[in-house]
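Residues per chain are reported as follows:
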Amino acid sequence: MDISIVIPLYNEEESLPELHDWIVRVMTDNNFSYELIFIDDGSKDKSWQVIQQLSQKNKHVKAIKFRRNYGKSPALHLGFEAAKGNVVITMDADLQDSPDEIPELYKMIIEGNFDLVSGWKQKRFDNAFTKNLPSKLYNYINRKISGIKLHDMNCGLKAYKNKVVKSIEVYGEMHRFIPVMAKAAGFGNIGEKVVKHQARKYGVSKFGWNRFINGFLDLLTITFLSKFGKRPMHFFGLVGTLLFLLGFGFAVYLGVFKLYCTFTHHPARLLTERPSFYISLTCMVIGSMMFLAGFVGELILRNSPVRNNYLVDEQLNLN
Ligand code: UDP
Ligand code: MG
């Protein structure tokens, strides 16, 4: 099979038939063998009924329905697990991404040998103040931290080699950082393609203001995880050791000074009246705790199987 198209959706009943027809048109025009995987992320409208109808008239339509709304990342994760095509395409369900981009993306993966190609909404049709501007800032910080030269890291329209999606686990709200995960997994050949973008035709955006703070915290997590996720002791052990040594240095200094005063009958202050005493104490305590955190991290890592338990309600055409 050439292409798996993975589409996460939450309350997008109006867009689905139009999106489906458009994708089918592109697939048949280009003679692609394909599957179209919808993941209904616990929609409360009639999205699932619409998908059922689509799957009856088109056997390429497959679908998974979540019991409740888990979020875009878990939806993508299950879509990735199911995808069988050589190239996996993800896109949003709201008609903001254009299926006409698929053939070119496909070509970049197959002929250009990219592991991942991300869309770039160069001319973007979203609110300038609440979306476009913050997104530019985010992408700038992201480029600096991750070293991946993408202008639009969180574009919903992306293409992957099949083995790339099988080697990453998109959880929480980490869909914003899939290229970072791919790079950490060893797939660093990442490309970019300017894609057409449209204003949302039906419905409303599903992400509110909290995406700023969540996105920032996730950026910290992903940076830490991609560096030290499999070796927490190297981070906590280093910080712990440095802090402990600093504290220990102060302690030795205080001890020597105390002895010196005793022997020379120098009138010294009490140790507990000196700031360095408290610095020493604090550093040694925090240092030891960091060290312990490192050990606990390693223990958890060694003993935890990878698991995700999302409750799937129904499936269509998937075995
Ligand atoms: N989405 C989802 N689960 C959610 C939120 C969003 O599956 O909890 C889907 C949504 O239906 C759409 C895509 O993720 O297909 C992108 O969402 P949206 O268009 O609201 O984001 P925006 O374009 O405003 O950033
Ligand atoms: Mg959208």
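Refer to the structure above for everything that follows.
Small disclaimer: the values here were computed from a predicted structure and weren't measured.

**Q** Explain the pairing of strand β1 (residues 3–9) to me, please; I cannot follow it from the model alone.
**A** The side chains of a regular strand alternate between both faces of the sheet. The element β1 is largely enclosed, with a buried count of seven among its seven residues. Taken together, the seven bridges between β1 and strand β2 (residues 34–40) define a ladder with parallel strand orientation. Across the sheet, Leu9 pairs through a bridge with Asp40, a residue of β2. Handedness of the crossover joining β1 and β2 through helix α1 (residues 16–29): right-handed. Direction of pairing for β1 relative to strand β4 (residues 87–90): parallel, over a ladder of four bridges. Paired with Ser4 across the bridge in β4 is Val88.

**Q** Would you mind going over a nonpolar patch on the surface with me for this structure?
**A** Together, Phe244, Leu245, Phe248, Val252 and Val256 line one region of the surface with nonpolar side chains, adding up to about 450 Å² of accessible area. Relative to the assigned elements, Phe248 resides in helix α9 (residues 232–264). Residue Phe248 is classed as partly exposed on the basis of its relative accessible area, which comes to 45%.

**Q** Whenever I open this one, helix α4 (residues 102–110) confuses me. Can you help?
**A** It helps to recall that an α-helix has 3.6 residues per turn; residues three or four apart then point in one direction. Among the residues of α4, those classed as buried are Ile102, Leu105, Tyr106, Met108 and Ile109. The buried residues of α4 occupy an angular sector of 160° when the element is viewed end-on, so they sit on one face. Those residues of α4 that are buried lie in contact with β1, α1, β4, β5 (116–120), β6 (158–161) and β7 (190–194).

**Q** Looking at this structure, I do not really get the sheet that holds β2. What am I missing?
**A** Strands pair in a sheet through their backbones, by hydrogen bonds, and they do so in one of two ways: parallel or antiparallel. The mixed open sheet is built from eight strands, whose spatial order is β7-β5-β6-β4-β1-β2-β3-β8. The sheet terminates laterally at β7 and β8 (312–316), the two strands that pair on one side only. When the angles between neighbouring strand axes are averaged without regard to direction, this sheet yields 15°. The pairing of β5 with β6 spans three bridges and is classified as antiparallel. For Ser118, the partnering residue across the bridge sits in β6 and is Lys158. Relative to the sheet, helix α2 (residues 47–57) contacts β1, β2, β3 (61–66) and β8, its axis offset from that of β3 by approximately 155°.

**Q** Sorry, what's going on with the site of ligand 1 here?
**A** Close to ligand 1 lie 17 residues, the nearest being Glu12, Asp94, Lys131, Ser205 and Lys206. Measuring from an oxygen atom of ligand 1, one finds a side-chain N or O atom of Lys131 at 2.4 Å. Contact distances for ligand 1 include 2.9 Å between an oxygen atom and a side-chain N or O atom of Arg200. Here ligand 1, which alone exposes 530 Å², has 92% of that area covered by the protein.

**Q** I'm lost on the coordination of the magnesium ion (ligand 2) in this one. Help?
**A** By definition of the ideal shapes, a tetrahedral metal site with four donors has angles of 109.5 degrees and an octahedral site with six donors has angles of 90 or 180 degrees. Every protein donor of the magnesium ion (ligand 2) is accounted for by Asp94 (OD) and Gln96 (OE1), and the metal-donor separations fall at 2.0 Å. A residue is classified by how much of its surface remains accessible, and Asp94, at 4% relative accessible area, is buried.

**Q** I'm lost on the packing of α1 against α2 in this one. Help?
**A** In helix packing, the relevant descriptors are the interaxial angle and the interaxial distance, both defined with respect to the helix axes. With their axes 10 Å apart at the nearest point, α1 and α2 run at an angle of 30° to one another. When the axes of α1 and α2 are compared, the pair comes out roughly parallel. The interaxial crossing formed by α1 with α2 has right-handed handedness. Touching Leu16, Pro17, His20 and Asp21 of α1 are Ser47, Val50, Ile51, Leu54 and Lys57, all from α2. Looking at the contact of α1 with α2, its residues break down into five nonpolar, two polar and two charged.

The rules behind each value
- In this convention, every chain numbers its residues from 1, walking through the sequence in written order.
- Whichever chain is written first is A, and whichever ligand is written first is 1; the rest continue in order.
- The predicted origin of the model limits local features to residues at a pLDDT of at least 70 and limits the giving and counting of side-chain atom pairs to 80 or more, whereas totals for whole chains, interfaces and linings rest on all residues.
- Hydrogens are left out, water is left out, and the side-chain values use all remaining heavy atoms of the structure.
- Only protein chains enter the accessibility calculation, which uses a 1.4 Å probe; a residue whose area is less than 20% of its type maximum is buried, one above 50% is exposed, and one in between is partly exposed.
- Secondary structure elements are taken from DSSP: a helix is a run of H or I of four residues or more, a strand is a run of E of two residues or more, and numbering for both begins at the N terminus.
- By the convention used here, strands pair only if DSSP detects at least 2 bridges between them.
- With strands facing away from the observer, any crossover in which the path from the first strand over the helix to the second runs clockwise is taken as right-handed.
- Residues forming no salt bridge and having over 30% relative accessible area are the ones grouped into patches, like charges within 9 Å of each other and nonpolar side chains (Val, Leu, Ile, Met, Phe, Trp, Tyr) within 5 Å.
- Note on areas: Shrake-Rupley with a 1.4 Å probe; residue coverage comes only from the protein chains shown.
- Criterion for a salt bridge: a side-chain nitrogen of Lys or Arg within 4 Å of a carboxyl oxygen of Asp or Glu.
- When we speak of the arc, we mean the arc of directions from the helix axis to the C-beta atoms.
- Residue contacts are defined here by distance: any two heavy atoms, one from each residue, within 4.5 Å place the two residues in contact.
- Helix axes are fitted to C-alpha atoms over the stretch in contact, other axes to C-alpha atoms as well, and angles between N-to-C directions run from 0 to 180 degrees.
- The near set for a molecule or strand comprises every residue that places at least one heavy atom within 4 Å of it.
- Think of a polar contact as two N or O atoms within 3.5 Å of one another; within protein, one of them needs to be a possible hydrogen donor and the other a possible acceptor, and neighboring residues in sequence only count if both atoms come from side chains.
- Water is not among the atoms examined, so metal sites may look incomplete; donors are the N, O and S atoms within 2.8 Å of the metal, or within 3.2 Å for Na, K and Ca.
- Here the angle decides the label: under 35 degrees means roughly parallel, over 145 means roughly antiparallel, 65 to 115 means roughly perpendicular, and every other value means oblique.
- With the far helix as reference, a near helix turned anticlockwise by less than a right angle produces a left-handed crossing, and one turned clockwise produces a right-handed crossing.
- Just so you know the grouping, Ala, Val, Leu, Ile, Met, Phe, Trp, Tyr, Cys and Pro go in nonpolar, Asp, Glu, Lys and Arg go in charged, and all remaining residues, Gly too, go in polar.

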